[in-house]
Structure formats: structure tokens, C-alpha cells
Amino acid sequence: MTKSTFKRIDGRAPDEFRKPIEAKVGIIPNADGSAMYRSGETVAIAAVYGPKKMHPQHQQDPEKGTLRCDYNMLSFSVTERIRPGPSRRSTEISKIMEWALEPVLLIDSFSNMVVDVNVNIVQADAGTRCAAINAAAMALAHAGIPMKSIVSSIAAGKLDKTVVLDLNKYEDSEFEEGEGSTDIPMTFTPDGELTHIQLDGKISKEQLKEAIAMAREAAKEIYQVQMKALKEAGGENGDA
Ligand code: ADP
């Protein structure tokens, strides 16, 4: 559509991922499941604990099991050391992780139980929520938590008038040319169904469709990387 003259700062094509993409499963011996996902300079490490009895007790749900995500960006994950501990941003991203992952989990029979997912971002260069979801999905499968499938997450968006894939930190936060930047993190099942989409910013209906189609294609490739890592870790039930 508008792909012709637009140049990205790192020379990528509009629909090109950051590299490398890496995934590894089974990296934390004490956890019930664990995984690492890396996209470019962004690295997420996920650990799953449970299912176990929910504490505090008043949060127990007698009707079904609960997924509890905890997203955390480590102090030294960005160049300027950030203040450790919870923030509004980390609370929001933890919720987003739950929304993106819950549709594929089959934990209704785990009444009063919780599955804890802890994600640490050890290095951040934008796209950390997508990396967190990708690592968490693999860690949940590795832990043997019943799932319809894993999920794969990637952002697409818009720089000025051009639809692009996988925005880096500069593109996400500093790009101001023309119409500026819009970043749209999305999460897909292997069948290409969206489990979550986060749209803050401006984009036309037509370009939103283009961005979703671009992210859907990219998610298929991420899924292959995740499944390969799961298989290498011993044939866990990533696609059970
Ligand atoms: P995401 O990482 O999912 O794209 P944001 O859009 O909130 O989420 O953040 C974009 C990037 O900005 C992060 O990946 C990180 O590199 C940087 N960033 C976020 N919060 C901070 C912070 N408090 N201090 C420094 N850099 C930050």
C-alpha cells in the first residue's frame, strides 16, 4: 500500500521482525515450568508455579482456577536504572498478560487454586509485553497446565502512514514524523484467532486490518519458534 519510500531507522522492511528471535524452555529448575523469549534486544524470562491453593484465601474462586500473572521490569533492563518494584505500568501489563493467556487455559476444574506466572524483563527495548506473553505461554505448557494451545504475541502498528511490524524502542517512543507512531500489541492462537489486542493511538479501519493481518502472519512464525523450543525441552504438551 504505502510501502514504497518509507525507511525504518534500522533498515528493516515494514513487515520484518527484529532479530534474533530466540526461545528456550526449562531454564529454572525450581519452577514447575519456565521459558525465555528474546526478540532483538528485548529478553523475557517466565516461571510458572502451581497449580496450588490460592493465597490469600479470600481470592479463592470455588467455581474455577485462577491465572495470576506478575510482570516485572528489572532495574538494569534499560540504560537508565529504573526504580525496582511494582508500578502502575507493571500492574497494567500483568493484567494484559492474564487477558491474553486466559482464553486458551483449561483450568476451570482447578477450583480454589492458582497458577502463578512470574515474568522478569531482563533487557527491554520495547515489545516487552509481547515477549512476556510468549515466554509465559511456553512456561505454562512446560508446567503441564492444560491448554487448548499456546499463544503467540507480536506488535504491529503505524509509522507516519506506513503499517509496520514489531516496533523498536525508538519507533515506539520517539518517532514523531508526520502522523507519528501507533503501536498495537496483539496475541493470537495458532489458528490465527486474536485473544487480545491493545489499541491506544490513531489508525484507520483499513490500516488496522492491514496491521492485524501482518501481525497474524508474524505470529505463525513465532509459534514455530516456541513449539521447537518446547519440543527440544522434552516434548511437553504445548499443543495438547
Ligand atoms: P512494551 O515494552 O510492552 O512496548 P511500553 O510501550 O510501556 O511497553 O514501553 C516501551 C519501552 O520503553 C520498554 O520496552 C522499555 O524499553 C522502555 N521503558 C518502559 N518503561 C520505562 C521506564 N520506566 N524507564 C525506562 N524505560 C522504560
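Residues numbered from 1 in each chain as written. Predicted model: local features only at pLDDT ≥ 70, side-chain atom pairs only at ≥ 80, totals over all residues. Heavy atoms only, no water.

As for the overall build of the protein chain
And then number 1: Helix and strand content of the protein chain: 4 helices and 9 strands.
And then number 2: Beginning at the N terminus, the succession of helices and strands in the protein chain can be written as β-β-β-β-α-β-α-β-β-α-β-β-α.
And then number 3: Whereas a compact globule of 240 residues would reach a radius of gyration of roughly 18 Å, the protein chain reaches 18 Å, a difference of no more than 12%.
And then number 4: Considered along the principal axes of its C-alpha atoms, the protein chain spans approximately 55 × 40 × 30 Å.
And then number 5: Classification of the 240 residues of the protein chain by burial places 49% in the buried group.
And then number 6: When contacts within the protein chain are restricted to residue pairs at least 6 apart in sequence, those whose partners lie at least 24 apart make up 68%.
And then number 7: In the structure as shown, the protein chain presents an accessible area of about 11800 Å², 50% of it carried by carbon and sulfur atoms.
And then number 8: Taking the 29 positively charged and 35 negatively charged side chains of the protein chain as two groups, their mean positions are separated by 1 Å. (Helix = DSSP H or I, 4+ residues; strand = E, 2+ residues; numbered from the N terminus. Rg over C-alpha atoms; globule rule 2.2 N^0.38 Å. Buried < 20%, exposed > 50% of the residue type's maximum accessible area, 1.4 Å probe, protein only. Contact = heavy atoms within 4.5 Å. Areas by Shrake-Rupley, 256 points an atom, 1.4 Å probe, with all protein chains shown as cover. Lys, Arg positive; Asp, Glu negative; His and termini not counted. Charge placed at Lys NZ, Arg CZ, Asp CG, Glu CD.)

Comments concerning the environment of Leu167
And then number 1: Looking at where Leu167 falls in the secondary structure, it is placed in the loop between β7 (162–165) and α3 (169–174).
And then number 2: Between the C-alpha atom of Leu167 and that of Ile9, which follows or precedes it by 158 residues, the distance is 11 Å.
And then number 3: Discounting chain neighbours no more than four positions away, the residues touching Leu167 are Arg8, Arg12, Arg18, Ala126, Ala156, Gly157, Leu159, Asp172, Ser181, Thr182 and Asp183.

Topic: the pattern of salt bridges
Oppositely charged side chains can pair when the atoms bearing their charge come close.
And then number 1: By the definition in use, this model includes 18 salt bridges.
And then number 2: With a shortest N-O distance of 3.9 Å, Glu22 and Arg38 are connected by a salt bridge. With Glu22 in strand β1 (residues 21–25) and Arg38 in strand β2 (residues 33–39), this residue pair connects regions lying 16 residues apart in the sequence.
And then number 3: Glu92 is the partner of Arg129 in a salt bridge, and the nearest nitrogen-oxygen pair spans 3.7 Å. Of the two residues, Arg129 is situated in helix α2 (residues 128–142) and Glu92 in helix α1 (residues 88–101); the sequence distance between them amounts to 37 residues. (Salt bridge = Lys/Arg side-chain N within 4 Å of Asp/Glu carboxyl O.)

Observations concerning the site of the ligand
And then number 1: Every residue close to the ligand is listed here: Met73, Val78, Ile82, Arg89, Ala124, Asp125, Ala126, Gly127, Thr128, Arg129, Lys169 and Asp172.
And then number 2: In this structure, an oxygen atom belonging to the ligand sits 2.7 Å away from a side-chain N or O atom of Arg89.
And then number 3: Asp172 places a polar side-chain atom, nitrogen or oxygen, 3.2 Å from an oxygen atom of the ligand.
And then number 4: Its free accessible area being 530 Å², the ligand has 72% of it covered by the protein chains. (Near = heavy atom within 4 Å. Polar contact = N/O pair within 3.5 Å; in protein donor to acceptor, adjacent residues only side chain to side chain.)

Regarding the sheet that holds strand β4 (residues 66–73)
And then number 1: Taking strand neighbours across the sheet as the criterion, the 5 strands line up as β1-β2-β3-β5-β4 in an open arrangement whose pairing is mixed. Since the sheet does not close on itself, it has two edges, and those belong to β1 and β4, each with one partner. Averaged over all pairs of adjacent strands, the angle between strand axes in this sheet comes to 15 degrees, irrespective of strand direction.
And then number 2: Two elements, β4 and strand β5 (residues 113–123), share 8 bridges in a ladder whose sense is parallel. Looking across to β5, one finds that Tyr71 is bridged to Val119.
And then number 3: On the sheet, α2 packs against β1, β2, β3 (42–53), β4 and β5 and is oriented at approximately 150 degrees with respect to β2.
And then number 4: Here helix α4 (residues 205–232) sits on the sheet in contact with β1 and β2, set at roughly 30 degrees to β1. (Pairing = 2+ DSSP bridges. Axes fitted to C-alpha atoms, helices over the stretch in contact; angles between N-to-C directions.)

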